[in-house]
Amino acid sequence: MDFLWTDFLGTAIWMWLSFLALVILLLALDLGVLHKKNAEIGIRESFLLSAFYMSLGLAFGGWVWWQSGQQAGLEYLTGFVVEKSLAMDNIFVIAMIFGYFAIPRAYQHRVLLWGILGVIVLRGIMIAAGASIVENYHWVLYLFAAFLIITGIKMLLTADKEYDVSGNPLLRFLRKHLPITEKLEGHRFVVRREDVFSGKMKIYFTPLFLALVMVELADLVFAVDSIPAVFAITTDPFIVYTSNIFAILGLRALYFALSALIHRFAYLKYALSVVLIFIGSKIFVADMLGLAKIPPMVSLGVTLAILGAGILGSLWATRNEDKAGANTLAQE
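Note that residues are indexed from 1 along each chain, following the sequence as it is written. The predicted origin of the model limits local features to residues at a pLDDT of at least 70 and limits the giving and counting of side-chain atom pairs to 80 or more, whereas totals for whole chains, interfaces and linings rest on all residues. Water and hydrogen atoms were dropped before computing side-chain values, which therefore reflect all heavy atoms in the structure.

(A) Structural detail: a nonpolar patch on the surface. What makes a patch is a set of residues exposed beyond 30% relative accessible area and free of salt bridges, joined within 9 Å when like-charged and within 5 Å when nonpolar (Val, Leu, Ile, Met, Phe, Trp, Tyr). Only the protein chains shown count as cover for residues, and all accessible areas are computed by the Shrake-Rupley method using a 1.4 Å probe. Each reported salt bridge corresponds to a side-chain nitrogen of Lys or Arg within 4 Å of a carboxyl oxygen of Asp or Glu. Together, I133, Y137, W139 and L143 line one region of the surface with nonpolar side chains, adding up to about 450 Å² of accessible area. In this description a helix means any DSSP run of H or I spanning at least four residues, a strand means any run of E spanning at least two, and both kinds are numbered starting from the N terminus. Counting through the fold element by element, L143 comes out in helix α5 (residues 140–157).

Written out as structure tokens, the structure reads:
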């Protein structure tokens, strides 16, 4: 059993296996017990599940702190906060995707669940590749930092623009080259039907499948921003991956909790823009100050302050706009 203490990407194999076992357990619990049947998730249940995943993610950060020290713990927490915040921005896009395809809430959980499974694999590949590149070419961190600053500025300038689902090139390509049913076929992604021309049975894809592809694409786009953001905080692959996955695991619950309240977060995108600019610029600032890196406590504190200001400012500015939402929550 000595191999369990062998390092893999800088972390003992037993820590990787422990994390993966926990993720598998959570997915099995979610898929096999809590949501075995397709059913609409209520707002109250969503808030409870969100609180559970948030607490679990923070508790894992405490475990990282205990196992690897204060700096690793603070870096994990900072990465977790940034990833969770960017996941909230992803919710805006997912809500527009579901609205565009008219996906009922009862089927949205199925799309999000399969989307999460894809995210776990996809982000694992991207992070492993990123870690290998950074280890061999440390200067790539400066490219990541510059990319984050540019992305933050771009997000700041386009924060009031909505995501155009219909204009997505991939969606147009799929509709042109795949047989698509005109309407949903329950919770199924594909169905077999008789072709009107040949009379043979043929596989057709449903709008639910298109929604799944668009959700996966949206996460890929956000991963391009979020993964460099965490690498700008720490180059430890274990911290980068675990903070990513714990932030994403609660995305389904967070979506159902906040999708009805999206209009209340009017200034969130502006706050996220500033966070990305801060995370990217702190690498250059550290060099100018002659520091190896900005202290993790400072990074975490500034990140929380920016996000807190954005969220509280949004809630205050829209304090009179959600009476209907409050009544809905009370009825449940």
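What follows continues from the structure just given.
(B) Structural context of the environment of M96. Looking at the element boundaries, M96 is found in helix α3 (residues 70–101). For the pair M96 and D164, spaced 68 residues apart in the sequence, the C-alpha separation amounts to 8.4 Å. The contact criterion used is simple: two residues touch if any of their non-hydrogen atoms lie within 4.5 Å. Excluding residues that lie within four positions of it along the chain, M96 makes contacts with E162, Y163 and V165.

(C) Representation of the packing of helix α2 (residues 43–68) against α3 within the structure. Orientation is described by axes fitted as lines to C-alpha atoms, over the contacting stretch for helices, and by angles from 0 to 180 degrees between their N-to-C directions. Packing of α2 against α3 brings their axes to within 6 Å, and their N-to-C directions diverge by 155°. The orientation of α2 relative to α3 falls into the category roughly antiparallel. Along this stretch, α2 crosses α3, giving a crossing that reads as right-handed. Contact residues: M54, G57, L58, F60, G61, V64, W65 and S68 in α2; Q70, A72, G73, L74, Y76, L77, F80 and K84 in α3. Tallied by class, residues from the contact of α2 with α3 come to ten nonpolar, five polar and one charged. An angle below 35 degrees is read as roughly parallel, one above 145 as roughly antiparallel, one from 65 to 115 as roughly perpendicular, and any other as oblique. In this scheme the crossing of two helices becomes right-handed for a clockwise turn of the near helix relative to the far one and left-handed for an anticlockwise turn of less than a right angle. All amino acids are sorted into three groups, where Ala, Val, Leu, Ile, Met, Phe, Trp, Tyr, Cys and Pro are nonpolar, Asp, Glu, Lys and Arg are charged, and the leftover types, Gly among them, are polar.

(D) Structural context of the environment of L117. Along the chain, the position of L117 falls in helix α4 (residues 105–136). Residues L117 and E216, 99 residues apart in the sequence, show an inter-C-alpha distance of 9.9 Å.

(E) How the structure looks around the side chain of S243. By the secondary structure assignment, S243 is in helix α8 (residues 237–249). With relative accessibility at 0%, the residue S243 sits in the buried group. In protein, a polar contact means a hydrogen-donor-capable atom and an acceptor-capable atom, both N or O and within 3.5 Å, with residues adjacent in sequence counting only if both atoms are side-chain atoms; elsewhere, any N or O pair within 3.5 Å suffices. Only 2.7 Å separates the side chain of S243 from the backbone oxygen of I239, close enough to count as a polar contact. Among all residues touching S243, those that are not within four sequence positions of it are Y76, G79, F80, E83 and V230. Working definition: with a 1.4 Å probe on protein chains only, accessible area under 20% of the residue-type maximum means buried, over 50% means exposed, and in between means partly exposed.

(F) View of the packing of aromatic side chains. In this scheme Phe, Tyr and Trp rings, the latter by its six-membered ring, pair at centre separations within 6.5 Å, and the angle between planes marks the pair as stacked below 30 degrees, edge-to-face above 60, and tilted otherwise. One pass over the full model with this rule turns up 19 aromatic pairs. Summarising the aromatic geometry, the rings of F60 and F246 are spaced 4.8 Å apart at their centres and angled 40° between planes, so their arrangement reads as tilted. Of the two residues, F60 sits in helix α2 while F246 sits in helix α8, which places them 186 residues apart along the sequence. For the pair F60 and F246, one class covers both residues: buried. On the basis of an interplanar angle of 50° and a centroid distance of 5.8 Å, the ring pair of Y142 and F284 is categorised as tilted. With Y142 in helix α5 and F284 in helix α10 (residues 268–288), this residue pair connects regions lying 142 residues apart in the sequence. The exposure class assigned to Y142 is partly exposed, which follows from its relative accessible area of 29%. Cluster of aromatic residues (ring-pair linked, three or more members): W14, W16, F19, F60, W63, Y76, F80, F238, Y241 and F246.

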